[in-house]
Amino acid sequence: AVPPRHMDSVLDILDALESPARGGSPGTAVVLARGLGVCSTPGCRAVLGEPLETAERPPALTAGQWQLLTELLRHDPATRGLGAVLAPDGSTVALGPLLAGIEAGLRSGGSGPPLPTLDPPADPLLAVTITEALGTSFLLAQGGGSNATALGPGGCWDDVENPLNYTSRGPPSLVPDPVAIGAMDGVILGTQLARGPLPVAELLRGYYGVGNGSEAGRAPSSYRRRDFGALVGQERLEKEVAAVLELLKTLSPSSELLRDMGTQEVVAVAHRAAQEFTERYVECPAIVPRCLWGARPYRGTPAPLRPPLRSVFLHHTLEPAQPCRTFSACARAMRDMQRFHQDTRGWDDIGYSFVVGSDGYLYEGRGWHWVGAHTKGYNTQGFGVGIVGDFTATLPDPDTLALVRDELLPCAVRSGHIWPDFTLRGHRQLGRTDCPGNALFQEIQSWPGFQ
């Protein structure tokens, strides 16, 4: 049987490949990945070279494990999101850019042949993970008319417990969400490996946490946006996208795409690519779609909102009273709340527009486009944001507060969902309730927009 497309399945494969008892060694996985087709683009090959040999199934892997690995790594670049697995933090990670980043990191740390010096100069780790894909995607979108997209979309798994098929939720670009996430992870882990080699299975287990569906606590991977932003700010990303596009001018077949482009045009593409990527994947929080947390269908016909809206209303959920710190716990909390709102309260759906977990993610309730049931009498005027927990006496942790104050609210303004001069209010200001709890209500009085 082919294992499910969980990060756990990949870790089992890496354990088998790297185990000396089964004839493996720490570099086996990376060599095998290259033989299977990771790094098939001109820029990536300029950095990592041609694969050494065509890969054959190692004796350490079962037929099912080998089939999964080949499906994940030999996928058609036009459907890049499909070479992806579901990680324990609820994110979908494309393995191609992740493993290319790991190989570049290992080689710059002294494991394997040294990386070449590129001419014109470009950062090899960024080239094999994000900058070539990003620059090429924006170039192609530029020539594709007004509807062409250069980033996204996200997508959904058929079954979170046993994921086998991933479906994109819109027209694909060269950098759909799983590729962006795999690339950021490749940069973070490649940078770590450049400082000192580790077995790849151990590295990934430490980063993603152990076990899909585990309740072990927040995984380092859930901080990827912050960590990638600290390593690669927008200015550096722009410079490196421009550098890799200049490199691609010297390589076939990408030289055709760039044949008539002057330096100023390259700089303009790089600027737009870096700005839009940073806004979407670094500065804005990740939103877990309804399909991933296991939402029931909406009952009846939802009423559309007419953004931009004037207000944001802040709530605490009260039940569950404890903050949720893992994807599995937060997804369960969402299902419980939706069941309560639909079956006990008789509402059409979960009431909140968005719910904030202490796992680093927002969870989509009614979302940006549909009227919620969160603040009686005001549901058409603003978005209702609930934070999981009871904040009568204690506050959410600083990361969770920052997620709402410093990421969600500015991003909602920038994307046109709320007005720049929006007002922020606690639920108690508009109804007879203690929500969002004394501690949290005290805290938000110092936030931008509070009235």
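Calculation rules
- Residues numbered from 1 in each chain as written.
- Predicted model: local features only at pLDDT ≥ 70, side-chain atom pairs only at ≥ 80, totals over all residues.
- Heavy atoms only, no water.
- Helix = DSSP H or I, 4+ residues; strand = E, 2+ residues; numbered from the N terminus.
- Rg over C-alpha atoms; globule rule 2.2 N^0.38 Å.
- Buried < 20%, exposed > 50% of the residue type's maximum accessible area, 1.4 Å probe, protein only.
- Contact = heavy atoms within 4.5 Å.
- Areas by Shrake-Rupley, 256 points an atom, 1.4 Å probe, with all protein chains shown as cover.
- Lys, Arg positive; Asp, Glu negative; His and termini not counted.
- Charge placed at Lys NZ, Arg CZ, Asp CG, Glu CD.
- UniProt positions renumbered as here; feature names shortened; annotations may be inferred.
- Domains from an automatic or database assignment.
- Buried area = accessible area lost by both parts, 1.4 Å probe.
- Pairing = 2+ DSSP bridges.
- Axes fitted to C-alpha atoms, helices over the stretch in contact; angles between N-to-C directions.
- Core = buried A, V, L, I, M, F, W, Y, C linked by side-chain atoms within 4.5 Å.
- Disulfide = S-S within 2.5 Å.
- Expected span 1.5 Å × (residues − 1).
- Phe/Tyr/Trp six-rings, centres within 6.5 Å; stacked < 30°, edge-to-face > 60°.
- Lys NZ or Arg CZ within 6 Å of the ring centre and 35° of its normal.

Peer 1: How would you explain the overall build of the protein if you had to name every residue and give the values?
Peer 2: When helices and strands are tallied, the protein shows 16 helices and 10 strands. Its C-alpha radius of gyration of 23 Å places the protein within 12% of the 22 Å reference for a compact globule of 451 residues. Dimensions along the principal axes, computed over C-alpha positions, put the protein at roughly 70 × 55 × 40 Å. Put simply, the protein has 451 residues, and 54% of those count as buried. If you take every contact in the protein between residues at least 6 apart in sequence, the share linking residues at least 24 apart comes to 72%. Summed over its atoms, the accessible surface of the protein is roughly 19000 Å², and 53% of this surface lies on carbon and sulfur atoms. A distance of 6 Å separates the average location of the 38 positive side-chain charges in the protein from that of its 47 negative side-chain charges.

Peer 1: Mind laying out the UniProt feature "domain: Peptidoglycan recognition protein family" (unreviewed entry) in the protein, listing which residues take part and the relevant values?
Peer 2: The sites that carry the UniProt feature "domain: Peptidoglycan recognition protein family" (unreviewed entry) are, in the present numbering, residues 285-431. Note that residues 285-431 is 27% helix and 21% strand, and that its end C-alpha atoms are spaced 29 Å apart.

Peer 1: Which residues make up the UniProt feature "domain: N-acetylmuramoyl-L-alanine amidase" (unreviewed entry) in the protein, and what values go with them?
Peer 2: UniProt tags residues 298-437 as "domain: N-acetylmuramoyl-L-alanine amidase" (unreviewed entry). From the first C-alpha to the last, residues 298-437 spans 29 Å; its make-up is 25% helix and 21% strand.

Peer 1: I'd like a rundown of the domain arrangement of the protein, residues and numbers included.
Peer 2: Segmentation of the protein into domains returns domain 1 (7-283) and domain 2 (309-445). For domain 1 versus domain 2, the separation of C-alpha centres amounts to 33 Å. The interface is formed by 18 residues belonging to domain 1 together with 15 residues belonging to domain 2. Carbon and sulfur atoms make up 45% of the surface buried where domain 1 meets domain 2, a total of about 1200 Å² over both sides.

Peer 1: I'd like to hear about the sheet that holds strand S10 (residues 418-426), residue by residue, with values.
Peer 2: If you walk across this open sheet you meet the 6 strands as S5-S8-S7-S9-S6-S10, and the pairing is mixed. If you trace the sheet from one side to the other, it starts and ends with strand S5 (287-288) and S10, each paired once. Sheet topology places strand S7 (residues 354-356) next to strand S8 (residues 362-364); 3 bridges connect them, and they run antiparallel. Its bridge partner lying in S8, valine 355 is registered against tyrosine 363. Each of strand S6 (309-316), S7, S8, strand S9 (382-387) and S10 touches helix H15 (residues 398-414); the most contacted strand, S10, lies at about 145 degrees to it.

Peer 1: Run through the nonpolar core, naming residues and quoting values.
Peer 2: By size, the foremost hydrophobic cluster in this structure holds 87 residues, and its most contacted members are Leu73, Ile102, Leu134, Val175, Leu204 and Phe277. Per-element tally for this core: the top contributor is helix H6 (residues 124-142), with 10 residues. Contacts of leucine 134, omitting those with residues within four sequence positions, involve Leu151, Val175, Leu237, Val241, Ala273 and Phe277. With 26 residues, the next largest nonpolar core counts Val356, Val371, Ile418 and Phe441 among its residues.

Peer 1: Talk me through the state of the cysteines; I want residue IDs and the actual numbers.
Peer 2: This model, assessed by the stated rule, comprises 4 disulfides. One disulfide bridge connects cysteine 156 with cysteine 291, the sulfur atoms lying 1.7 Å from each other. An S-S torsion of about -65 degrees defines the bridge between cysteine 156 and cysteine 291 as left-handed. Taken together, the positions of cysteine 156 in strand S3 (residues 155-157) and cysteine 291 in helix H13 (residues 290-293) put the pair 135 residues apart, joining distant regions of the chain. Taken N- to C-terminal, the disulfide-bonded cysteines of the protein are connected 1-2, 3-5, 4-8, 6-7.

Peer 1: Break down helix H12 (residues 263-283) for me, citing the residues and quoting the values.
Peer 2: Its 21 residues give H12 an end-to-end C-alpha distance of 28 Å, which sits within 8% of 30 Å, the value for a rise of 1.5 Å per residue. Considered for burial, the residues of H12 that qualify are Val266, Val269, Ala270, Ala273, Ala274, Phe277, Thr278, Tyr281 and Val282. Packing partners of the buried residues in H12 comprise H6, helix H7 (177-195), helix H9 (224-231) and helix H10 (234-248).

Peer 1: How would you sum up the packing of aromatic side chains? Please name residues and give values.
Peer 2: Tallied over the entire structure, the rule returns 8 aromatic pairs. Seen from their ring centres, phenylalanine 277 and tyrosine 281 are 4.9 Å apart, and the 45 degrees between their planes marks the pair as tilted. A residue pair is termed a helical-turn pair when its members lie 3 or 4 positions apart in one helix, as phenylalanine 277 and tyrosine 281 do in helix H12 at 4 residues. Here the two residues phenylalanine 277 and tyrosine 281 agree in accessibility, since each one is buried. A connected cluster of aromatic rings, assembled from ring pairs, spans Phe228, Phe277 and Tyr281. In this arrangement the basic side chain of arginine 218 is found over the ring face of tyrosine 223, its NZ or CZ atom lying 3.7 Å from the centre.

Peer 1: With reference to specific residues and values, describe unusual backbone geometry.
Peer 2: Cis geometry marks the peptide bond from aspartate 119 to proline 120, where omega comes out at 0 degrees. Assignment of secondary structure puts proline 120 in the loop between helix H5 (95-108) and H6. Here the amide bond leading from cysteine 435 into proline 436 is cis, since omega sits at 10 degrees, within 30 degrees of zero. Mapped onto the secondary structure, proline 436 falls in the loop between S10 and helix H16 (438-444). Of note in the backbone geometry, leucine 318 takes a positive phi value of approximately 65 degrees without being a glycine. Within the secondary structure, leucine 318 is located in the loop between S6 and helix H14 (327-344). On the basis of relative accessibility, which here comes to 42%, the residue leucine 318 falls in the partly exposed class.

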